Amino acid sequence: MLKRKMYDTLIAWKNQEKKECLLVKGARQVGKTYLIRKFGKNEYDSFIEINFHEQKSLKVIFEGDKTAEEIYKRLTANIAGAKLIPGRTLIFLDEIQKCAGARTALKFLAEDGRYDIIASGSLLGLSYGKDDDREVAPVESIPVGYEKTVMMYSLDFEEFLWAYGYSDETIAYLKSFFISKEKIPAEINEKYESLLREYLVVGGMPEVVANFATYKDFTKVQEIQDKILSSYADDISQHAKGAEKVKVRQCYDSIPRQLAKENKKFKYSEVEHKSTSRKFGDSVQWLRDANMAYMCHNTTIPILPLKAYKKDNEFKLYIADTGLLLAMFGFATKQALLNGTLKGFAKGGIYENFVAETLIKKGYTLHYYKQGDRLELEFIIEKDGEVIPIEVKAGNSVTKSLDSFIEEFTPSIAFKLIGGNVGAVNNKITIPHFLTMFI
């Protein structure tokens with residue numbers, strides 16, 4: 001079993017004295033069902049799983065009277081051998097978007113509190129009316145205040161290192177260089193830069209990581225990634241409504257092309273000649289709601305709160321898993337990246353995508369800063385009560401934009417992410433890309 005940070009989140013939730021139902025969201029195939037199932041079987045005396053996609057007949061449990069007493073009565077009537085042990089039972093409602101009655105019932109189950117409830121599902125981020133699946137019906141009442149939502153993502157670089165067998169102590173040793181701002185010994189730095197390149201190619205989808213950790217076969221990696229991308233295409237065709245099916249797919253397929261350009265701002269005209277947000281705006285939002293892509297807005301004034309100064313019509317899009325981005329670029333690009341021979345703007349786009357993905361997984365909201373044609377920073381984040389700038393370089397070139405930002409806004413710290421080693425000049429900290437996980 002891959003070690004996942006989400007398991008600790010589940011444990012912390014379980015240990016709360018009075019808890020809400022837990023709603024686990026995330027893109028398809030990031031490991032939600034597998035992890036919750038393992039958690040339920042490991043941590044509880046009784047585990048009951050209902051999958052509303054595979055067990056449609058069990059929707060009857062949540063029809064009619066929604067009191068906890070009636071629901072649990074119908075549950076034991078419809079699931080042979082179900083054991084309900086107060087305080088020691090976890091009920092897992094998977095693909096809950098296909099049973100509106102179950103979502104409404106979370107309020108009453110949380111109020112009852114005898115058993116722990118976790119719900120999950122694919123494409124839960126889609127609002128009703130944006131999903132073409134006929135089994136997805138409007139929820140009578142969203143259980144506000146009775147459900148706690150958490151996001152689950154594909155494996156981050158630290159989890160990837162765990163899969164390789166690296167210990168917490170080894171990772172803590174790496175972090176010591178981030179804290180001390182001292183140079184990493186050359187051999188160690190080169191080793192982790194190589195590991196990062198492998199992570200960029202393999203990505204963090206659990207099935208891919210587990211297979212690669214065992215077999216170290218990049219051909220098999222591509223095969224599994226192609227299968228995942230195909231399933232994403234199927235999701236679009238099944239869940240996007242009407243004409244959006246084609247438009248969502250066009251937008252998704254255009255992201256790698258747009259990240260391979262010098263100006264990585266998302267342009268509707270790159271999706272289709274002369275197109276505008278009027279045609280493709282809803283399609284971009286669909287990808288974002290489905291957690292298949294991350295949006296990073298241009299924010300014109302770098303003061304808190306950043307969302308107050310973002311420009312809704314100026315943004316970049318990043319693929320939610322960098323390994324899938326590399327799979328979309330193709331095997332030759334992977335080969336060049338692994339061998340250190342990749343050149344051009346695509347290389348910068350790949351590292352930007354990795355940094356965006358890492359920041360999202362650490363809980364940051366994505367923003368970039370662009371002032372006219374003279375200054376652009378890949379990311380600015382809200383951290384410790386101020387705005388922190390981050391400039392991303394595929395290599396280790398000059399940082400005119402970052403230097404200008406520091407001079408004008410005097411942040412307490414600024415990060416330059418490079419293919420190189422640690423360094424510090426006053427409050428400008430240079431770190432190799434793989435240390436992004438400690439920001």
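The structure reproduced in this document is the subject of the present report. Quantities reported herein were computed from a predicted structural model and do not represent experimental measurements.

**Concerning helix H8 (residues 206-215)**
- For H8, every residue scored as buried is listed here: Pro206, Val208, Val209, Asn211 and Phe212.
- In this fold, the buried residues of H8 make contact with helix H5 (157-163), helix H7 (186-202) and helix H9 (218-239).
- The positive-phi residue at the C-terminal boundary of H8 is Lys216, with phi of around 55 degrees.

**Things to note about the sheet that holds strand E3 (residues 89-94)**
- Taken together, the five strands give an open sheet; going across it, the order is E2-E3-E4-E1-E5, and neighbouring strands pair in parallel fashion. The open sheet terminates on both sides in strands that have one partner only, identified here as strand E2 (46-51) and strand E5 (147-151). Sheet twist, expressed as the average angle between the axes of neighbouring strands with direction ignored, equals 20 degrees.
- Summarising the sheet, E3 and strand E4 (residues 116-120) pair through four bridges and their orientation is parallel.

**Re the packing of aromatic side chains**
- The tally for this structure, following the rule as stated, stands at 26 aromatic pairs.
- Between the aromatic rings of Phe266 and Tyr268, the centroid separation amounts to 5.7 Å while the plane-to-plane angle is 85 degrees, which identifies the pairing as edge-to-face.
- Accessibility expressed as a relative area gives 4% for Phe266, which makes it buried.
- Ring geometry for Phe405 versus Phe409: centroids 4.8 Å apart, planes at 45 degrees, classification tilted.

**Considerations on the sheet that holds strand E11 (residues 386-392)**
- The five strands are arranged E10-E11-E12-E14-E13 in an open sheet whose pairing can be described as mixed. A strand with exactly one partner marks an edge of an open sheet, and here the two such strands are strand E10 (379-383) and strand E13 (423-425). If you compare each strand with its neighbour and ignore which way they point, the axes differ by 25 degrees on average.
- Across three bridges, the pairing between E13 and strand E14 (residues 428-432) is antiparallel. Note on E14: the bridge partner recorded for Val425 is Lys428.

**A word on the nonpolar core**
- Counting residues in hydrophobic clusters, the biggest one holds 104 residues, and the most contacted among them are Ile118, Phe157 and Phe379.
- Not counting chain neighbours up to four residues away, the residues in contact with Ile118 comprise Leu10, Trp13, Leu22, Val24, Ile36, Phe39, Leu90, Ile91, Phe92 and Leu93.
- Formed by 26 residues, the second largest nonpolar core is a distinct cluster that contains Ile48, Ile50, Phe62 and Ile96.

The rules behind the values
Residues numbered from 1 in each chain as written. Predicted model: local features only at pLDDT ≥ 70, side-chain atom pairs only at ≥ 80, totals over all residues. Heavy atoms only, no water. Buried < 20%, exposed > 50% of the residue type's maximum accessible area, 1.4 Å probe, protein only. Helix = DSSP H or I, 4+ residues; strand = E, 2+ residues; numbered from the N terminus. Contact = heavy atoms within 4.5 Å. Pairing = 2+ DSSP bridges. Axes fitted to C-alpha atoms, helices over the stretch in contact; angles between N-to-C directions. Phe/Tyr/Trp six-rings, centres within 6.5 Å; stacked < 30°, edge-to-face > 60°. Core = buried A, V, L, I, M, F, W, Y, C linked by side-chain atoms within 4.5 Å.

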